Amino acid sequence: ENLWHGRRVWTFDGSTLLMQDTEENQSKYPKWCNQKASCGFPIARWAVLFCLSTGSVLEMYLEPMKISERAMFRQFYKLFSPGDIALADRGGCAFYDMAMLMLMQVDGVFRMHASRKVDFQKGYILFEKDHIVEWKKPPFDNKHLSLSRTEYDNLPERIWVRELEFSIESPGFRSKKIIIATTLNDPAIYTKEDLADLYLRRWEAEIDLKHLKTTLKM
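(A) Region of interest: the overall build of the protein chain. Looking only at helices and strands, the protein chain has six helices and nine strands in total. For a compact globule of 218 residues, the expected C-alpha radius of gyration is about 17 Å, and the protein chain comes in at 19 Å, within 12% of that figure. Referenced to the eigenvectors of the C-alpha coordinate spread, the extents of the protein chain come out at roughly 55 × 45 × 35 Å. Within the protein chain, contacts between residues at least 6 apart in sequence are counted, and of these 60% link residues at least 24 apart. Of the roughly 12600 Å² of accessible surface on the protein chain, 53% is carried by carbon and sulfur atoms. Treating the 31 positive side-chain charges of the protein chain as one cloud and the 30 negative ones as another, the clouds have centres 6 Å apart.

(B) Representation of the pairing of strand β2 (residues 43-51) in the model. Across the nine residues that make up β2, a large majority, nine, are buried. On β2, burial covers both faces: Ile43, Arg45, Ala47, Leu49 and Cys51 on one face and Ala44, Trp46, Val48 and Phe50 on the other are all buried. In this structure, β2 lies alongside strand β3 (residues 57-64), joined through seven bridges in antiparallel fashion. Note on β3: the bridge partner recorded for alanine 47 is tyrosine 61.

(C) Layout of the environment of leucine 3. Looking at the secondary structure, you find leucine 3 in the segment before β1 (9-18). Separated by 178 residues in the primary sequence, leucine 3 and alanine 181 place their C-alpha atoms 21 Å from one another.

(D) Seen up close, the layout of surface pockets. Space inside the second largest pocket adds up to approximately 180 Å³. As for the second largest pocket, its lining consists of Arg70, Cys93, Ala94, Phe95, Tyr96, His113, Ser115, Arg116 and Pro138.

(E) Broad picture of the nonpolar core. One finds Phe12, Phe76, Phe80, Phe110 and Trp135 to be the most contacted residues of the largest nonpolar core, which totals 32 residues. Top contributing element to this core by residue count: helix α3 (residues 95-103), with six residues. Once residues lying within four places of it in the same chain are set aside, the contact partners of phenylalanine 76 are Phe12, Ala47, Val48, Leu49, Glu59, Met60 and Tyr61.

(F) The arrangement of the pairing of strand β5 (residues 107-111) in detail. The buried fraction of β5 is high, at five of five residues. Judged from the four bridges that link them, strand β4 (residues 85-88) and β5 form a sheet pairing that is parallel. Pairing of alanine 86 across the sheet is with glycine 108, part of β5. Handedness of the crossover joining β4 and β5 through α3: right-handed. Relative to strand β9 (residues 176-182), β5 is paired through three bridges, and the arrangement is antiparallel.

About the thresholds
Residues numbered from 1 in each chain as written. Predicted model: local features only at pLDDT ≥ 70, side-chain atom pairs only at ≥ 80, totals over all residues. Heavy atoms only, no water. Helix = DSSP H or I, 4+ residues; strand = E, 2+ residues; numbered from the N terminus. Rg over C-alpha atoms; globule rule 2.2 N^0.38 Å. Contact = heavy atoms within 4.5 Å. Areas by Shrake-Rupley, 256 points an atom, 1.4 Å probe, with all protein chains shown as cover. Lys, Arg positive; Asp, Glu negative; His and termini not counted. Charge placed at Lys NZ, Arg CZ, Asp CG, Glu CD. Buried < 20%, exposed > 50% of the residue type's maximum accessible area, 1.4 Å probe, protein only. Pairing = 2+ DSSP bridges. 1 Å grid on protein atoms, 1.4 Å probe; cavity = no way out; pocket = protein on both sides within 12 Å on 5 of 7 lines; lining within 4 Å. Points joined across faces, edges and corners; volume = space filled by probe spheres on them. Core = buried A, V, L, I, M, F, W, Y, C linked by side-chain atoms within 4.5 Å. Right-handed = clockwise from strand over helix to strand, strands pointing away.

Okay, structure coming up:
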């Protein structure tokens, strides 16, 4: 009964951790590039995969700060099963991640990345500020992609993604507009309101991370 539309939802988020100032940690988790050698502590990037319905940690990874959250998130994909849903913030919103998940028969719900422009007058219009558009595969970039050439070539040339916008109303504050991208394209099954409610639950992952860091004194 805790499933969303009968499907499991995994949500992931990332944070940073200050490490004890030991030689081993200094070597494995070097300080950030703008820190002087004599200041600060070793710092690690932390990525955690949660079960949305229970808050349980399914898996976690620690890496040096030079490893991006997106590259760390992709390590979680091997844990997904067909029919699952991945829920995350902007870090997962890219053609490559959407396409990789689709090949695994997994759907994604992500906040739209700021670099992608959205025009709700284009594509197949479902409702106001709710449409389906074509995303084309970007050119291969071996410097920033964190995908091998073989993995890149196995991805489709184009995918169809649903983009929609909703507002968050808070008394005494301006309304905040959120745009999300998802492969849950059937509006008869997944309404705009359903998807908005699901995305807002992504915040639970940040609260879970805060609890873990506070309880474990991290």
